[in-house]
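Observations on the three-dimensional arrangement
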Amino acid sequence: MAKIFAAITGVGGYVPEDILSNTDLEKMVDTTDEWITTRTGIKERRILKDPNKATSDMGVEVVKQILEKTGISPEEIDMLICATVTPDTTFPDTANTILAKVGSKNAFGYDINAACSGFLYALTTGAKFIESGMYKKVIVIGADKMSSIIDYTDRSTCIIFGDGAGGVLLEPNTEGNGFIDAVLRGDGAGREFLHMKAGGSLKPATAETVASKEHYVFQDGKPVFKAAVTGMVNTVNQVLERNQLTVEDIDWLVPHQANMRIINSVGDMLEIPKEKVMVNIHKFGNTTAGTLPLCLWDYESKLKKGDHIMFTAFGGGFTWGSVLLKWAY
Ligand code: UT7
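Residues numbered from 1 in each chain as written. Predicted model: local features only at pLDDT ≥ 70, side-chain atom pairs only at ≥ 80, totals over all residues. Heavy atoms only, no water.

A look at the site of the ligand
- The immediate surroundings of the ligand are formed by 23 residues, with Thr31, Arg39, Lys222, Asn259 and Asn286 found nearest.
- With respect to the ligand, the side chain of tryptophan 35 contributes an N or O atom lying 3.4 Å from a nitrogen atom.
- One of the backbone nitrogen or oxygen atoms of glycine 221 is found 3.1 Å away from a nitrogen atom of the ligand.
- Contact with the protein chains hides 73% of the accessible area of the ligand, taken as 950 Å² for the molecule alone.
- Of all the secondary-structure elements, those providing two or more residues to the shell around the ligand are helix 2 (33-40), helix 6 (155-158), helix 8 (221-242) and helix 9 (260-270).
- It is helix 8 that provides the largest number of residues to the shell around the ligand, a total of 4 residues. (Near = heavy atom within 4 Å. Polar contact = N/O pair within 3.5 Å; in protein donor to acceptor, adjacent residues only side chain to side chain. Areas by Shrake-Rupley, 256 points an atom, 1.4 Å probe, with all protein chains shown as cover. Helix = DSSP H or I, 4+ residues; strand = E, 2+ residues; numbered from the N terminus.)

This is how it looks when you write it as structure tokens:
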């Protein structure tokens, strides 16, 4: 029997309409368009302003788009994995909320919390359910409403993050196109540099935790920056080596969109031509689990069957890793 590969057969993306530009941020905190542009490469990000909308609502738009593009019905979905650090509620999970909202009746799902690496963890998990032959249609989403956990008086974080969601449909492929390999890593020792202090079982929400702004993202940017570059480059190289490939074999590098300087450093260290590196950070900022599928969504029309796509990401945890796949359409 031919080996089953888990191929991406459809891509969806969604960003809210409202734009938060660098000029807007200049009026909110002590910053400048020039500082943000040169230090991060970000010009604007999207914000989900409707107070009644949450991460699942962005996920729903992604799923609807995927169903429409691929011509499958909600009943045909077997499984949905949602990578997010901003679930609608602590429980139940966002994946099941999305499934209910799109009218899926025959699926199950769950969330994966791996911050900016969440989409890679979720993609790998989803791929294994396809490769094993257990499921035929698995949707993998990366979605975050970062504006719900950002302190818009903290200039070191509010300039970076934005809201958005993207996702893919995974289906079996016997032509050799699809998920090839992953090197995924985690090291909880990095948690002190990027985290949310309260709201979990360690420090449940109280009036004091709210007053002291402990429900927002805390980041010590410099150590995260350094670890991100090393972690992404190392795992890309490990994936290449394990598969007897070289950087020349990569048709597209899809890096997490956290900072243009990080993307450039990773690209330079790998010595990969800039035109092979997907970038949309200037438009959307860092959407955490959303960045990688939103890149695919933006670049979908340029991809060719058989292209080697290398994803790489780094985020809170620390979590990081790289995934290699062959494009199937
Ligand atoms: O996606 C998850 C993983 N996250 C990342 O990969 C993010 C990694 N880190 C970064 O991208 C960068 O560290 C940041 C963009 C967060 C910060 O850039 P940086 O070049 O590391 O700046 P810094 O934190 O060292 O700050 C340099 C200076 C400081 O002033 P002093 O102490 O030199 O006087 C900051 O107070 O820039 C100041 N600063 C700002 N100035 C104007 C910090 N934020 C701002 C701002 N506008 N928004």
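Past the structure itself, the notes keep going.
Things to note about the environment of glutamate 275
- If you trace the backbone, glutamate 275 turns up in the loop between helix 9 and helix 10 (281-284).
- Along the sequence, glutamate 275 and valine 210 sit 65 residues apart, while their C-alpha atoms lie 45 Å from each other.

Some remarks on the sheet that holds strand 11 (residues 252-255)
- Judged by pairing direction, the sheet is mixed, and its 4 strands sit side by side in the order 8-13-12-11 without closing on themselves. Only two strands of the sheet have a single partner each, and these edge strands are strand 8 (179-186) and strand 11. Across the sheet, the axes of successive neighbouring strands diverge by a mean angle of 10 degrees, strand direction being ignored.
- The sheet contact formed by strand 8 and strand 13 (residues 319-326) spans 7 bridges and is antiparallel. Paired with leucine 184 across the strands is glycine 321, a residue of strand 13. (Pairing = 2+ DSSP bridges. Axes fitted to C-alpha atoms, helices over the stretch in contact; angles between N-to-C directions.)

Some details on the domain arrangement of the protein
- Taken domain by domain, the protein comprises domain 1 (5-176) and domain 2 (180-326).
- In this structure, domain 1 and domain 2 have C-alpha centres spaced 14 Å apart.
- Every contact between the two is made by 49 residues of domain 1 and, on the other side, 45 residues of domain 2.
- Summing the contributions of domain 1 and of domain 2, the shared interface buries around 3700 Å²; its carbon and sulfur component is 63%.
- Scanning the region where domain 1 abuts domain 2 turns up 3 salt bridges.
- The interface formed by domain 1 and domain 2 contains 18 residue pairs in polar contact (both at pLDDT 80 or more). (Domains from an automatic or database assignment. Contact = heavy atoms within 4.5 Å. Buried area = accessible area lost by both parts, 1.4 Å probe. Salt bridge = Lys/Arg side-chain N within 4 Å of Asp/Glu carboxyl O.)

So, the sheet that holds strand 6 (residues 138-145)
- Pairing is mixed across the open sheet formed by 5 strands, whose spatial order is 1-7-6-4-5. A single partner strand is all that each edge strand has here, and the edge strands are strand 1 (5-14) and strand 5 (108-112). Neighbour to neighbour, the strand axes of the sheet diverge by 20 degrees on average, direction disregarded.
- Against the sheet, helix 4 (residues 94-102) contacts strand 4 (79-83) and strand 5, and its axis sits at roughly 140 degrees relative to strand 5.

Here we look at the pairing of strand 5
- Sheet analysis places strand 4 next to strand 5, joined by 5 bridges and oriented parallel. Residue pairing across strands places isoleucine 81 opposite tyrosine 110, the latter belonging to strand 5.
- Read as a crossover between parallel neighbours, the route from strand 4 over helix 4 to strand 5 is right-handed. (Right-handed = clockwise from strand over helix to strand, strands pointing away.)

Considerations on the packing of aromatic side chains
- Taken as a whole, this structure holds 10 aromatic pairs when the rule is applied.
- Where tryptophan 252 meets tyrosine 299, the ring centres are 5.5 Å apart and the plane angle is 65 degrees; that geometry is what we call edge-to-face. Of this pair, tryptophan 252 sits in strand 11 while tyrosine 299 sits in helix 11 (residues 291-299), and the two are 47 residues apart along the sequence.
- Against the face of phenylalanine 5 rests lysine 3, its NZ or CZ located 4.2 Å from the ring centre.
- Sitting over the face of the ring of phenylalanine 218, lysine 197 holds its NZ or CZ atom 4.1 Å from the ring centroid. (Phe/Tyr/Trp six-rings, centres within 6.5 Å; stacked < 30°, edge-to-face > 60°. Lys NZ or Arg CZ within 6 Å of the ring centre and 35° of its normal.)

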